[in-house]
Amino acid sequence: MSWVTKTLSSTLGRKLIMALTGLFLILFLTGHVSGNLLLFKNDGGEAFNIYAKFMTTNPAVKLLSWLTYLSIIGHVIYSIILSRKNKSARPIGYSESKASTNSSAASRNMGVLGTVILLFIVVHMQSFWAQMHWGSIPTVTYGGEEYKDLYSIVYAAFQVEWMVALYVIAMIFLGVHLSHGFASAFQTLGLNHKKYTPAIEGLGKFYCIVIPALFASMPLYIYFTQS
Amino acid sequence: MKLTLKVWRQKNNSDKGGFVNYPLDGISKDMSFLEMLDVLNEELSEKGEDPVHFDHDCREGICGMCSLYINGKPHGPQQTTTCQLHMRSFSDGDTITIEPWRAAAFPVVKDLVVDRSSFDRIIQAGGYVSVNTGGVPDANEIPIPKIIADEAFDAATCIGCGACVAACKNASAMLFTSAKISQLAMLPQGQVERKNRAEKMIAQMDEEGFGACTNTGACAAECPKGISLTNIARMNREYFSAVLSSDNV
Ligand code: HEM
Ligand code: SF4
Ligand code: FES
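All values derive from a computational prediction rather than experimental measurement. (Residues numbered from 1 in each chain as written. Chains lettered and ligands numbered in written order. Predicted model: local features only at pLDDT ≥ 70, side-chain atom pairs only at ≥ 80, totals over all residues. Heavy atoms only, no water.)

Caption draft 1: Examining the domain arrangement of chain B more closely. Residues and elements named next belong to chain B. Under the domain assignment used here, chain B contains domain 1 (3-110) and domain 2 (116-244). The straight-line distance from the C-alpha centre of domain 1 to that of domain 2 is 29 Å. Contacts between the two partners involve 20 residues from domain 1 and, on the opposite side, 21 residues from domain 2. Both faces combined, the contact of domain 1 with domain 2 buries some 1,500 Å², and carbon together with sulfur accounts for 57% of it. One can count ten residue pairs in polar contact (both at pLDDT 80 or more) joining domain 1 with domain 2. Its residues assigned to classes, the side of domain 1 that touches domain 2 shows ten nonpolar, seven polar and three charged. (Domains from an automatic or database assignment. Contact = heavy atoms within 4.5 Å. Buried area = accessible area lost by both parts, 1.4 Å probe. Polar contact = N/O pair within 3.5 Å; in protein donor to acceptor, adjacent residues only side chain to side chain. Nonpolar A, V, L, I, M, F, W, Y, C, P; charged D, E, K, R; others polar.)

Caption draft 2: Local environment of the coordination of the iron atom of ligand 1. Residues and elements named next belong to chain A. Taken together, H75 (NE2) and H177 (NE2) make up the full set of protein donors to the iron atom of ligand 1, lying 2.0 to 2.1 Å away. Every donor counted, the six donor atoms about the iron atom of ligand 1 form angles of 87 to 179 degrees at the centre, which fits octahedral coordination. Of this pair, H75 sits in helix α4 (residues 59-88) while H177 sits in helix α8 (residues 161-188), and the two are 102 residues apart along the sequence. For H177, a relative accessible area of 13% puts it in the buried group. (Donors = N, O, S within 2.8 Å, 3.2 Å for Na, K, Ca; no water. Tetrahedral: all angles 85-135°; square planar, octahedral: opposite > 155°, others 65-115°. Helix = DSSP H or I, 4+ residues; strand = E, 2+ residues; numbered from the N terminus. Buried < 20%, exposed > 50% of the residue type's maximum accessible area, 1.4 Å probe, protein only.)

Caption draft 3: Region of the structure containing a negative patch on the surface. A cluster of acidic residues, B:D25, B:E42, B:E43, B:E46 and B:D92, forms a negative patch at the surface. Here B:D25 lies in the loop between β2 (18-24) and α1 (33-46). (Patch = residues over 30% accessible without salt bridge, like charges linked within 9 Å, V, L, I, M, F, W, Y side chains within 5 Å. Areas by Shrake-Rupley, 256 points an atom, 1.4 Å probe, with all protein chains shown as cover. Salt bridge = Lys/Arg side-chain N within 4 Å of Asp/Glu carboxyl O. Lys, Arg positive; Asp, Glu negative; His and termini not counted. Charge placed at Lys NZ, Arg CZ, Asp CG, Glu CD.)

Caption draft 4: Structural view of the sheet that holds strand β1 (residues 3-9) of chain B. All names here are of chain B. Spatially, the five strands line up as an open sheet ordered β2-β1-β5-β3-β4, and their pairing is mixed. Strands with a single pairing partner mark the edges of an open sheet, and in this sheet they are β2 and β4 (73-74). In the sheet, β1 pairs with strand β5 (residues 95-99) via four bridges, with the strands oriented parallel. Directly across from V7, in β5, lies its bridge partner I98. (Pairing = 2+ DSSP bridges.)

Caption draft 5: Structural view of unusual backbone geometry. Residues and elements named next belong to chain B. Positioned with a positive phi, R59 is a non-glycine residue whose angle comes to about 55 degrees. Assessed through its relative accessible area of 26%, R59 is described here as partly exposed. Of note in the backbone geometry, N215 takes a positive phi value of approximately 55 degrees without being a glycine. Tracing the backbone shows N215 in the loop between α6 (194-207) and α7 (218-222). With a relative accessible area of 12%, N215 lands in the buried category.

Caption draft 6: Geometry of the site of ligand 1. Near ligand 1, the surroundings consist of 24 residues, among which A:K15, A:H75, A:H177, A:S184 and A:T188 are the closest. Residue neighbours of ligand 1 fall on chains A and B, so the site bridges chains. Between ligand 1 and A:H75 there is a distance of 2.8 Å, counted from a nitrogen atom to a side-chain nitrogen or oxygen. Between ligand 1 and the protein, one listed contact pairs an oxygen atom with a side-chain N or O atom of B:T214 at 2.8 Å. Put simply, the parts of the chain that give the shell around ligand 1 at least two residues each are α2 (11-36), α4, α6 (110-134) and α8 of chain A. Looking at which element gives the most residues to the shell around ligand 1, the answer is α2(A), with seven residues. Considering only residue class, the shell around ligand 1 consists of eleven nonpolar, twelve polar and one charged. (Near = heavy atom within 4 Å.)

This is the structure:
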């Protein structure tokens, strides 16, 4: 085995991949939520549709999207590899465990939280991303140029109660995943120091509440104000 | 005190094992947990039954031999070693569940005794300094700033008990291994073998079948010596920089 494959198949190498893909997804979510704030603009979706076209056609954005797909796939594959290794490290469990006295529930359930997020990602990509790429979407014209009216698809989706519920629940799971994951990734990278770790932990607490809350507010806003 | 002990009994490694309940009376609050087990074992011996096997040696909290997963926590309800746990931490009438450490890398030998030689093999893989150090050098001959000496010493207080593995949901040995890597990485004597040490000890840790780290922090919360998670971060830095710069292609 070369040193690269050896490193990436060690527990620490695998954790490095989890941390780097997780942090990239955190960056992605920040961008994604900022762009989607355009849904709150009361212009019938014009700004949002123009932004959506830019996001699907700009070459630099394309590269970033591919990195995002890779990160999701890598994060999920390595979470399965690590979870299986972790399971086999304790074939016989304890009959009694007071784990809640020594660790947070979020940290002990990253796999379950992640699985719900993955299910959400599949439904989410099927509803919007696949439609935008291959679906038959109505078009609108702004200033003589034709745009796919993704806004109308989003608008219709968020009239459906179970979709709104799914989005809100998934965002709660994402928030809990990140309540541990955000700071954990820095620890994995070896970045733990009394000078900046409190700041990272604070930022993590802020991020894991604000970003999922902003995402969840979009379906809620459309459902309650536009019908 | 009157107690009921629910103890894991297992004849040998291939036996399936199971819990056996033992009522116990006349236990003093001032007894240590191991003394309480001594009382049980005396009673069992008098009845001609096989005493409960458990590990112990110094009974002063320094050797790391005692183990036991007591009422859902390694070393019981206090953050200390089982030999330093006293019966005043329990109440009259309690049922106390006693299990062995559970990890693939710590196979049960008998009853509550597990084989922790996987830890020894991690140390053998690199937890040493192989330069000839000669006789005891004069104090302060090798200048080491006090802050660093203290931090290395803190890491060196790890007694290798394995409570970190027992506490971790992944049965990960990262806290132990990181303490052993840290203690030498910070001192001048440890520099020569620094990169090899990180690579080899971590490879051995993986080979023994310990799990990975999810940074839950359960290990540090249960460690009787208060070994901190900063050691795991340091180990990760040591490892990543070693694989990027060592000569092991
Ligand atoms: C956008 C979505 C996601 C983000 C931003 C994210 C972020 C993170 C971060 C930052 C970590 C911490 C890494 C570390 O401890 O070094 C993490 C851990 C983890 N994630 Fe995710 N994640 C996401 C989705 C998922 C999905 C879909 C799954 C699985 C199906 C998943 C499973 C896990 C697991 C199991 C861990 C713990 C790994 C371990 O240390 O044992 N995550 N995630
Ligand atoms: S790190 Fe703590 S819990 Fe783990 S072996 Fe050392 S002393 Fe025991
Ligand atoms: S018997 Fe030595 S530490 Fe408990």
